[in-house]
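Residues per chain, in single letters:
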Amino acid sequence: MILTFPLLAQTEGTQIITARSLSLLEEPKYKTGFTHFDYVNPNAPKGGVITRYAVGTFDNFHRYALRGDVNAGSEYLYDTLMTGSDDEFQVYYPLIAEKIEYPADYGFIIFYINPAAKDQEGQPITAEDVAFSFNTFMTKGVPQFRTYYKGIEVQVLPGNRVRFDFPEPEDGAERTKEKLLSIAELTVFPKRFWENHDFSEPLTKPPLGTGPYRIGDYQMGQYVVLERIKDYWAANLPVRKGLYNFDYIRYDYYRDSNVAFEAFKAGEYDFREENSAMNWATQYKGKLFDSGAVVQEEIPHTNPPPYLQALTFNVQRPPFIDPRVRRAINYFFDFEWMNKNLFYNQYSRLKSYFQNTQYAAAGLPSPEELAILEPIRDKIPAEVFTEEFNPPVYDGTGNIRSGMREALRLFNQAGWELREGKLLNKETGKQMTFELMIWSSSTERFAIPFQRNLARFGIDMRIRLVDSTQFLNRMRSNDYDLVDQGYYALYYPSDSALFYWHSRYIDSSYNRAAVIDPTLDYLVEGVMAHQEDADALLHWGRALDRVVTWNHYIIPEWYSSKFRLAYKKNLRRPKTLPQQRSYAFDAWWIE
């Protein structure tokens, strides 16, 4: 438990901590009195227009609505009580709240609202706005919010303060600091706007916000322009100095990612992070690139991938209920051939949900991990105890016969047999058939070779390309067999693991695989119980990683150890970039 220059008091025998930052595990990098983050240019000029792109469409300006496609850039519309930096994990500094108080047992937290805080119309942001925002999320927000914060009570205190009281955990465990940190990230809305709108429903008109940008112009489904708030109250706060430098951020929409790329080559927008290795290696050619009007830059990093790319099984759907089937299908995904022939050997294979972190499981379980895993030994895959997890590895020639033999063994155990060139269920005689849902045509480049490998074994995988609206709706309702959608990376075993794996959150759209498993409940609860014990958390995180990887909920894809950026030459970035997970685009400017 690390604090920045905390002030301690005693209230009825309970130690009260007053602080201006909040951290879970590590010493905050930025001490009280810091003027700006290290990765910004505090003197960056403000001004100019940057045009970016988005694929798909939008019909909604409310990012927390339970339906609809929200506009790109919606994250700029609102501020939070506190905010983090891009070169730390789980450390928060003052934004709307200028300081905090909480007791040593984490029974409550009080936020002191900065008297200078204002919404986008210049009206004060108040403790009433904060309490209203929390209660609105609880009653009208996504189900996982009210599940996670069940039992928390909020009250407005004199002096523009707001207090959150935390109940005793139902399992009798001690309260932890984790929920205090998550409340610090609470998005704050103006009550006077939202009390007249249904929070659960989409908005077809721009809302009143609390953040650095408002929606200035738009054509529904075609483009949206974000306009910088010129008198943004927080512009000179240490957590905002040098950020949000563009006067306007325009997002142009394209129905297809290939069309979007051609538009960039024609100079239609200004900045692109390239996710296609083939495009990067072969397609950045032409007048714009030859003349130097567009800069290409590779920025190496050792960060965990921000997103775990994967094909995810819906384990509620046959035939994927059986983990042996899921494991067998992994043998038909020939990463080495794809990397050589499609990706110019630019990628490495994913093998952990904590890739590139100390929490990634390696080798066999340590004695500390065994102590965690023994109580569930008979309920988890036996390989957890005997093998290090690795996806199938081939030689890059396209020969996967060794994997097909192992797949046949697993299919036979699961009640399937190869007969007359088709993989048939032994009881029903029906062929194994399922659908892969994708939203981008670029996915077909590797989906089709995967489909061919399956077809060689008599498995009928149909590729269904849907538009972004249908894809989003089907994701929300778990209406898919296999989907090209992975998991947001976990940089450490945090409370996010609840939304991914705990059965209480089966309705969470983060639970891509639709998992309900008491062994994962046990592991996630152990992770939560040891958030402030770095040594214990290491072992619980690795134990969780072993179990989820050996359950084969996904077909892991790949990651890159560099950012591939292309941008107009008048764009500038800070020389120092964050140590963690980003190239700090919000700190860029136009010269």
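Not measured: the values here are computed from a predicted model.

Undergrad: Looking at this structure, I do not really get the overall build of the chain. What am I missing?
TA: The number of helices and strands found in the chain is 17 helices and 29 strands. Considering only C-alpha atoms, the chain reaches an extent of 75 × 65 × 45 Å along its principal axes. A total of 591 residues make up the chain; the buried ones form 57% of that total. The contacts of the chain with a sequence gap of at least 6 include a subset with a gap of at least 24, amounting to 71%. Computing the positive centroid from 66 side-chain charges and the negative centroid from 77, the chain places the two 5 Å apart.

Undergrad: What exactly am I supposed to notice about helix H16 (residues 518-529) here?
TA: Each α-helix turn comprises 3.6 residues. Residues three or four places apart therefore point the same way. Between its first and last C-alpha atoms H16 spans 16 Å; for 12 residues at 1.5 Å apiece the expected length is 16 Å, and the two agree. Where H16 is concerned, the buried positions are Thr 519, Leu 520, Asp 521, Leu 523, Val 524, Gly 526, Val 527 and Met 528. Buried positions along H16 lie against helix H2 (143-148), helix H3 (178-184), helix H10 (367-373), helix H15 (496-501) and helix H17 (534-550).

Undergrad: Mind showing me how you'd approach the pattern of salt bridges here?
TA: Where charged atoms of side chains with opposite charge meet at close range, the side chains can pair. Applying the stated criterion across every chain, the model contains 32 salt bridges. The partner of Arg 317 in a salt bridge is Asp 479, with the nearest N and O atoms 2.9 Å apart. Here Asp 479 lies in the loop between helix H14 (468-476) and strand S23 (482-484) and Arg 317 lies in the loop between strand S17 (310-313) and helix H8 (323-330), a separation of 162 residues in the sequence. Owing to a relative accessible area of 25%, Arg 317 belongs among the partly exposed residues under this scheme. What makes Asp 479 partly exposed here is its relative accessible area of 32%.

Undergrad: What exactly am I supposed to notice about the packing of aromatic side chains here?
TA: Remark: the centre distance and the inter-plane angle together describe each pair of aromatic rings, the angle taken between the planes. Across all of its chains, the model carries 75 aromatic pairs by this definition. Over the ring of Phe 585 we find Arg 52, and its NZ or CZ is 4.2 Å from the ring centre. A cation sits over an aromatic face here: Arg 63 above Tyr 64, 5.5 Å from the ring centre.

Undergrad: What am I meant to see in the packing of H8 against helix H12 (residues 401-413) here?
TA: A packed helix pair is summarised by two numbers, namely the angle formed by the two axes and the spacing between the axes. Axis separation between H8 and H12 bottoms out at 9 Å; the angle between their running directions is 165°. The pairing of H8 with H12 is recorded here as roughly antiparallel in orientation. When you trace H8 past H12, the crossing you get is left-handed. From H8, Arg 324, Val 325, Arg 327, Ala 328 and Ile 329 reach across to H12, where they touch Ala 407, Leu 410, Phe 411 and Gln 413. Among the residues forming the contact of H8 with H12, the class breakdown is 6 nonpolar, 1 polar and 2 charged.

Undergrad: Is there a simple way to explain the packing of H16 against H17 in this structure?
TA: Interhelical geometry of H16 versus H17 gives an angle of 160° and a closest axis separation of 9 Å. The angle between H16 and H17 places the two elements in the roughly antiparallel class. H17 is crossed by H16, and the crossing has left-handed handedness. Between H16 and H17, the contacting residues are Thr 519, Leu 520, Tyr 522, Leu 523, Val 524, Gly 526 and Val 527 on the first element and Leu 537, Trp 540, Gly 541, Ala 543, Leu 544, Val 547 and Val 548 on the second. Looking at the contact of H16 with H17, its residues break down into 11 nonpolar, 3 polar and no charged.

Undergrad: Would you take a moment to explain unusual backbone geometry for this structure?
TA: Among all residues save glycine, negative phi is the norm, and among peptide bonds the norm is trans. For the bond running from Pro 318 to Pro 319, omega is 5°, close enough to zero to count as cis. With phi around 55°, Tyr 344 is a residue other than glycine that occupies positive phi space. With respect to the helices and strands, Tyr 344 occurs in the loop between helix H9 (335-341) and strand S18 (348-349). Looking at Tyr 344, the relative accessible area reads 40%, which means it is partly exposed. A positive phi angle, near 55°, is found at Glu 420, a position not held by glycine. With respect to the secondary-structure elements, Glu 420 resides in the loop between strand S19 (416-419) and strand S20 (422-425).

Undergrad: Is there a simple way to explain the confidence of the model for the chain in this structure?
TA: Any segment with low pLDDT has predicted coordinates that should not be analysed in fine detail. Taken as a whole, the chain shows an average pLDDT of 93; of its residues, 96% reach a score of 70 or greater. Counting interchain partners and residues more than four positions distant, the pLDDT-below-50 stretch residues 1-11 has 37 contacts.

Cut-offs used in this document
- Residues numbered from 1 in each chain as written.
- Predicted model: local features only at pLDDT ≥ 70, side-chain atom pairs only at ≥ 80, totals over all residues.
- Heavy atoms only, no water.
- Helix = DSSP H or I, 4+ residues; strand = E, 2+ residues; numbered from the N terminus.
- Buried < 20%, exposed > 50% of the residue type's maximum accessible area, 1.4 Å probe, protein only.
- Contact = heavy atoms within 4.5 Å.
- Lys, Arg positive; Asp, Glu negative; His and termini not counted.
- Charge placed at Lys NZ, Arg CZ, Asp CG, Glu CD.
- Expected span 1.5 Å × (residues − 1).
- Salt bridge = Lys/Arg side-chain N within 4 Å of Asp/Glu carboxyl O.
- Phe/Tyr/Trp six-rings, centres within 6.5 Å; stacked < 30°, edge-to-face > 60°.
- Lys NZ or Arg CZ within 6 Å of the ring centre and 35° of its normal.
- Axes fitted to C-alpha atoms, helices over the stretch in contact; angles between N-to-C directions.
- Parallel < 35°, antiparallel > 145°, perpendicular 65-115°, else oblique.
- Left-handed = near helix turned anticlockwise from the far one by under 90°.
- Nonpolar A, V, L, I, M, F, W, Y, C, P; charged D, E, K, R; others polar.
- pLDDT = per-residue confidence, 0-100.

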